[in-house]
Structures are given as structure tokens and as C-alpha cells.
Amino acid sequence: MTATATRVLVLNSGSSSLKYQLIDMADGERLASGLVERIGEGEVADHGDALKIVGEELALGGFGLDDPKLAAIGHRAVHGGIRFTEPTLIDDEVVAEMEKLVPLAPLHNPANITGIKVARELRPDLPQVAVFDTAFHATIPEAAARYAIDTETADKLSVRRYGFHGTSHAYVSRATAELLGKAPEDVNVIVLHLGNGASASAVAGGRCVDTSMGLTPLEGLVMGTRSGDLDPAVIFHLARVGGMSVDEIDTLLNKKSGLVGLCGDNDMREITRRIGEGDEAARLAFDVYVHRLRKYIGAYYAVLGKVDALAFTAGVGENAAAVREAAVAGLEELGIAVDRDRNAVRGPDARLVSAEYSRVAVAVVPTDEELEIATQTYALVGAADSET
Ligand code: ADP
């Protein structure tokens, strides 16, 4: 007897955590999901152990890693460099190429690779696919991808704009087109992915043409703990005048800056609560955050020429009505206006929050990176017949 394998297990391996979701692509149903934390800190010795726990948790729900309906495993991978611009079927050569990219993403890629290795050991027979955070941005033209530095140096060290959160930008830009009842090819969207990490992208007819994160996820918008854009000479100043080491500056800009650097909190809920109490540091943090966001909306409006929709997504974008309202306040001349009441409504579904007269649709579109990884994985491997 044969059964069609339609299930995809999505794995997101971080340095000390392993997130998973089991999705049935026949109907999009989420069959199981979970998170193994504190890997390497005691009970869970390593990612191999963590994956065994995932297998046990799945088995409790009647699935298991040996589930005959499992068609593939889809792995989230952070940095694909210029080599990986599509979802990629993993073999030994792909793993070796991913290892070469570690210097570009030393915090993320090693954990992704470890997750892939242990999953391949457990299920060597099963197709496994890497879906890269950078891939959706591979269409960005050279004019936007190049930094204006010496070309030889840039090429030698692979310095260019890669962009991140691509899986989310891909999903949300498509879902926005769907919300408007149009084909992705027919709409231009500015996607604002505002989570702990935050990035903006300009998507023209389904293809990304610019994005705010660069060589690493440090560039662009103000984030929970990252500075986003700053004069690169700030770094020389911190080193020469402040006597800081490269590692100290790295930590300052990635972990102690952004909202947390400005006011001590990185959670937008806490910041808005403090603003309500008249807290000035929280107010300033909010204003700096929103100012940067408005600059990117304006910049990407110009990059696209014509904009059909702004789409807000991720933790802040989906939940913080005050951020959405402030980000577009006074942009009526650009054809952008939110409706206060619509904007205040909360909900799990994609929805429009623009005013009736707004020429540009303003949308809240919950992101779903796991579903996107599963969809891309399944599209690559297709439905497989397996013995039961
Ligand atoms: P990550 O980048 O870790 O995936 P998320 O997309 O989950 O982050 O976003 C997390 C952030 O979303 C939190 O730090 C917080 O600032 C913000 N957030 C979550 N819920 C709300 C809410 N109800 N109101 C305002 N901000 C929120």
C-alpha cells in the first residue's frame, strides 16, 4: 500500500534552541510545533539530543521522525551568500559550501549547519532542503546591492548587501497581493518587518529591489538591540577615542543599541506603557524608531516610483497600532493614510487599516516563516510516494 507523503517538518536551529513545526501541505494544517531550549546547558547536551526530543514530542502526537507521510525536512538557513539564491536540496557539497559562508554569519550559520547534520544523520533517506533568509533578496539590482567602496576589496571579501528576513518578506509581499485581490506581479509593496530584528524591503511585482539589512542584519532600521544605520566613522571614533576593541564595538552595536540602548527596554509594549507615564527616554526611543521607519518608507517609495501597499508585519508591525499610526502620520500627500479605528482593531488575520481615501493600501499582514519554508521545501521535492 502506498500513501502520499505530504508532510513537511520545518526546523529552525539556533545556537541554543531548536524550533520545529510539522505542517501538512495537503491542507496547510499545523500538526505539531514546539521549541527545545537551552541546548548545551545541561540536560540537552547538543543539537543531536535536541532533535531526538523533537522526535519524541512528535511521536507523542502520533507522528514521529519516521512518519511515512513525511515528505521532507525544510531547514531555515540564515546566510546563503551569493551562492544560494533558491531553496536548495541538501547534499554533502551544499553543506561544505554552507560551511564556507560561516565567516559571513558567524552567529547563525554554524547552528543551522549543525541542525542540518543531525537531521541528515537521523533521516539520511529523506530529502532535506535549506531555505535561505537572504535568497529573496538575490534579485536586488547591483545599484542597490553594491556599497560604494573599492570594488576589488569588496569582491575579495564578499562585501555587499545581502539582506535578511527574506522568507518573511517573500511571504508577506505575496499575502499582501492576495489581500488586495491581485497577482503578485501586479503590485508594488513596501514590507516593514518589525520584530526584535527589523527590516524594510521594496518589492516590485513580486521581486525584491531593495532591502534595509546589508552584509549582516545590523544595517537599516532601529531594532530591539541593534543600532541600524549609523555613520561608519562612529566605529573609528569608538575605537580611537573610546579605546574600544572591535569585539566590544560589535557587542555595543548588536546587543546594547537600538531601543534598549536608547531607553533600557526593547519591548515595544513596555515602551508604550512608559510613554503613557510620561517617561522621556521611552518617548525619545519611540521617536527615533519611528523617524527611521518613515525615512525608509520615503526612500522605498522613491525606489519603487509607484506603491500599491505598505505591509506591516512581525511582533511590532502586527501589534503596535501606535507605531503604524506614527510611521505614516502626515503622509496624505503621498497617498498614504491609516484609519484610526481600523488600525486599532486587533486580530490574527491579514487586514487593511488604511483610510477609505488612501490611494496606497496600508495592511497588517501576519508573517508565517515556517509555512513559507514548508511551501518552498514542498515545491522543490514535490509529493513523494512512500511505502506504508
Ligand atoms: P523576533 O524577531 O524575535 O521573531 P517578533 O516578531 O516575535 O520577534 O517580535 C517581538 C517584539 O514584538 C517584541 O520585542 C515586542 O517589542 C513586540 N510586540 C509583541 N507583542 C506586542 C504588542 N502587543 N504590542 C506592541 N509590541 C509588541
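Residues numbered from 1 in each chain as written. Predicted model: local features only at pLDDT ≥ 70, side-chain atom pairs only at ≥ 80, totals over all residues. Heavy atoms only, no water.

Looking at an unreviewed UniProt entry, one finds the protein chain named Acetate kinase and attributed to Streptomyces coryli. Regarding the protein chain, the UniProt comment filed under Subcellular location (unreviewed entry) reads as follows: "Cytoplasm". Recorded in UniProt under Catalytic activity (unreviewed entry), the annotation for the protein chain is "acetate + ATP = acetyl phosphate + ADP". (UniProt positions renumbered as here; feature names shortened; annotations may be inferred.)

Caption draft 1: Inspection of the nonpolar core at higher detail. Counting 43 residues, the largest nonpolar core has Leu194, Met268, Tyr289, Val323, Val328 and Ile336 as the members making the most contacts within it. Among the elements of the structure, β8 (188-194), β9 (198-204), α9 (258-263), α10 (268-276), α11 (280-304), β11 (309-313), α13 (321-328) and β13 (361-364) are those that each provide at least two residues to this core. Considering each element in turn, this core owes the most residues, eleven residues, to α11. Counting 31 residues, the second-largest nonpolar core is a separate cluster that includes Phe136, Ala144, Ala170 and Ala175. (Core = buried A, V, L, I, M, F, W, Y, C linked by side-chain atoms within 4.5 Å. Buried < 20%, exposed > 50% of the residue type's maximum accessible area, 1.4 Å probe, protein only. Helix = DSSP H or I, 4+ residues; strand = E, 2+ residues; numbered from the N terminus.)

Caption draft 2: Representation of the UniProt feature "binding site: Mg(2+)" (unreviewed entry) in the protein chain in the model. Listed under "binding site: Mg(2+)" (unreviewed entry) in the UniProt record, and renumbered for this structure, are Asn12 and Glu369. Separation in sequence by 358 residues is not matched in space for these annotated residues, since their most distant C-alpha atoms are only 10.1 Å apart. With respect to the helices, strands and loops of the structure, Asn12 is situated in strand β2 (residues 7-13). Taking relative accessible area as the criterion, Asn12 reaches 17% and is therefore assigned buried. Among the secondary structure elements, Glu369 is positioned in helix α15 (residues 369-381). Overall, Glu369 belongs to the partly exposed group, its relative accessible area being 22%. When sequence neighbours within four positions are dropped, the list of residues in contact with Glu369 reads Thr167, Ser168 and His193. (Contact = heavy atoms within 4.5 Å.)

Caption draft 3: Molecular detail of helix α1 (residues 47-60). Under the 1.5 Å per step criterion, the end-to-end length of α1 is 20 Å for 14 residues, consistent within 8% with the ideal 20 Å. Listed as buried for α1 are His47, Gly48, Ala50, Leu51, Val54, Gly55 and Leu58. One side of α1 carries all its buried residues, which in axial view fall inside an arc of 160°. Residues Glu56 and Leu60 are exposed on α1 and point more than 90 degrees away from its buried face. Structurally, α1 contributes buried residues whose contacts are with β2, β3 (18-24), β4 (29-36) and α3 (109-122). Where α1 terminates, the next one or two residues include Gly62, which has phi positive at roughly 90°. (Expected span 1.5 Å × (residues − 1). Arc of directions from axis to C-beta.)

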